[in-house]
Amino acid sequence: GGHFIEFPGREMLAGGHLWSICRGRERRLWLGSEKGIFRVEEGRIHREMDTISIQNRFRLLVDDGENLWFAAQDRIMRRSPAGEITVFGAAHGLSDHVVPATLCDGRDGAVWASVMDRGLCRAQDGHFQLVIPQDEEWGEHPAPLWADQNGQLWLSSWEGLHRLRRKRLKTYGRAEGLPAKPANAVCPDRQGGLWVATEGAGVYHGRDGQFSPFASS
């Protein structure tokens, strides 16, 4: 353990930022970069789509049906295992010009998207429904999303840490042990806890709604 290897085909990624990575089935990885979307399988990197540019984090997702979802430029798109592409727009509950979004698997068969200038949307059966409108509570930028083992959705933003439960949004701050700093990333653990990386205040660990510092930056 602890040893890293270089994959054959890595030269295809040279010269561009690699922003996103997600895991599919059968030990398959998907990579999103400025130079396109790539598949890592059986120890090699394969180019899948070179007409799509992924330019920020949290933009790739593989759902339970092995569909690949991605947010690129001004679109949310889905690629089926057979290679069919669906572009989501006004007919699917979004506008035809979508400001880049972050994506998350909701653990219930749904896909969640945080869309700038719109809010938090839930997609199921090919249609997006607005659940939480964009407001000042969690900022104007698309918030990175994570789902925990209980099906709760966590949003990390410049305004802090937020939890969506039964369509209600709760913000965590000083009263719960977190600093008055933005939450840059969130990661649930297998014991039901939550790890939070903050902006300039280190790492915090939370359980049962209370957080304590784990490491300082």
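Position numbers for residues start from 1 in each chain and track the written sequence from start to end. It should be noted that, the model being predicted, local features are given only for residues of pLDDT at least 70 and side-chain atom pairs only at 80 or more, the latter also being counted only at that level, while totals for whole chains, interfaces and linings use all residues. Each side-chain value is worked out from all heavy atoms of the structure, with water and hydrogens disregarded.

Asks: When you look at the pattern of salt bridges in this model, what are you seeing that I'm missing?
Replies: Oppositely charged side chains are able to pair whenever their charged atoms sit close together. When a carboxyl oxygen of Asp or Glu lies within 4 Å of a side-chain nitrogen of Lys or Arg, that pair is called a salt bridge. The tally for this structure, following the rule as stated, stands at six salt bridges. Between E41 and R28 there is a salt bridge, and its shortest N-O distance comes to 3.1 Å. Here R28 lies in the loop between β1 (18-23) and β2 (29-33) and E41 lies in strand β3 (residues 36-41), a separation of 13 residues in the sequence. Salt-bridge contacts for E176 lead to K170; the nearest nitrogen and oxygen are separated by 3.6 Å. A run of H or I in DSSP counts as a helix once it spans at least four residues, and a run of E counts as a strand once it spans at least two, with each numbered from the N terminus.

Asks: Looking at this structure, how should I read the sheet that holds strand β11 (residues 119-124)?
Replies: Picture the strands of a sheet paired through backbone hydrogen bonds; they go either parallel or antiparallel. When DSSP locates at least two bridges between a pair of strands, those strands are taken to pair. The four strands are arranged β9-β10-β11-β12 in an open sheet whose pairing can be described as antiparallel. One side of each edge strand has no neighbouring strand; the edge strands of this open sheet are β9 (101-105) and β12 (127-133). Pairwise comparison of adjacent strand axes, ignoring direction, gives a mean angle of 25° for this sheet. As paired strands, β11 and β12 are joined by six bridges and run antiparallel to one another. Axis angles are defined between N-to-C directions and span 0 to 180 degrees, where every axis is a line fitted to C-alpha atoms and, for a helix, only to the segment in contact.

Asks: What is the right way to look at the nonpolar core in this model?
Replies: Most often, soluble globular proteins keep nonpolar side chains buried together rather than apart. To form a nonpolar core, buried Ala, Val, Leu, Ile, Met, Phe, Trp, Tyr and Cys residues must be joined to one another through side-chain atoms within 4.5 Å. When a residue's accessible area, from a 1.4 Å probe over protein chains only, is under 20% of the maximum for its type it is buried; when over 50% it is exposed; and in between it is partly exposed. Membership of the largest hydrophobic core comes to 15 residues, with the highest contact counts inside it found for W69, I76, F88, L94, A113, V115 and F128. Looking at this core, the elements with two or more residues in it are β6 (68-72), β9, β10 (111-115) and β11. Sort the elements by how many residues they give to this core and β10 lands first, with three residues. Contacts are residue-level and defined by heavy atoms, with any inter-residue pair within 4.5 Å sufficient. Excluding residues that lie within four positions of it along the chain, W69 makes contacts with R59, L60, L61, D63, I76, M77, R78, F88, L103, V111, A123 and F128.

Asks: Help me out: how do you make sense of the pairing of strand β18 (residues 194-198) in this one?
Replies: Along β18, the buried face is formed by L194, V196 and T198; none of W195 and A197, which line the opposite face, is buried. Judged from the five bridges that link them, strand β17 (residues 183-188) and β18 form a sheet pairing that is antiparallel. Residue pairing across strands places V186 opposite V196, the latter belonging to β18. Between β17 and the antiparallel strand that follows it, β18, lie five residues; G192 among them carries a positive phi value of about 90°. Judged from the four bridges that link them, β18 and strand β19 (residues 203-207) form a sheet pairing that is antiparallel.

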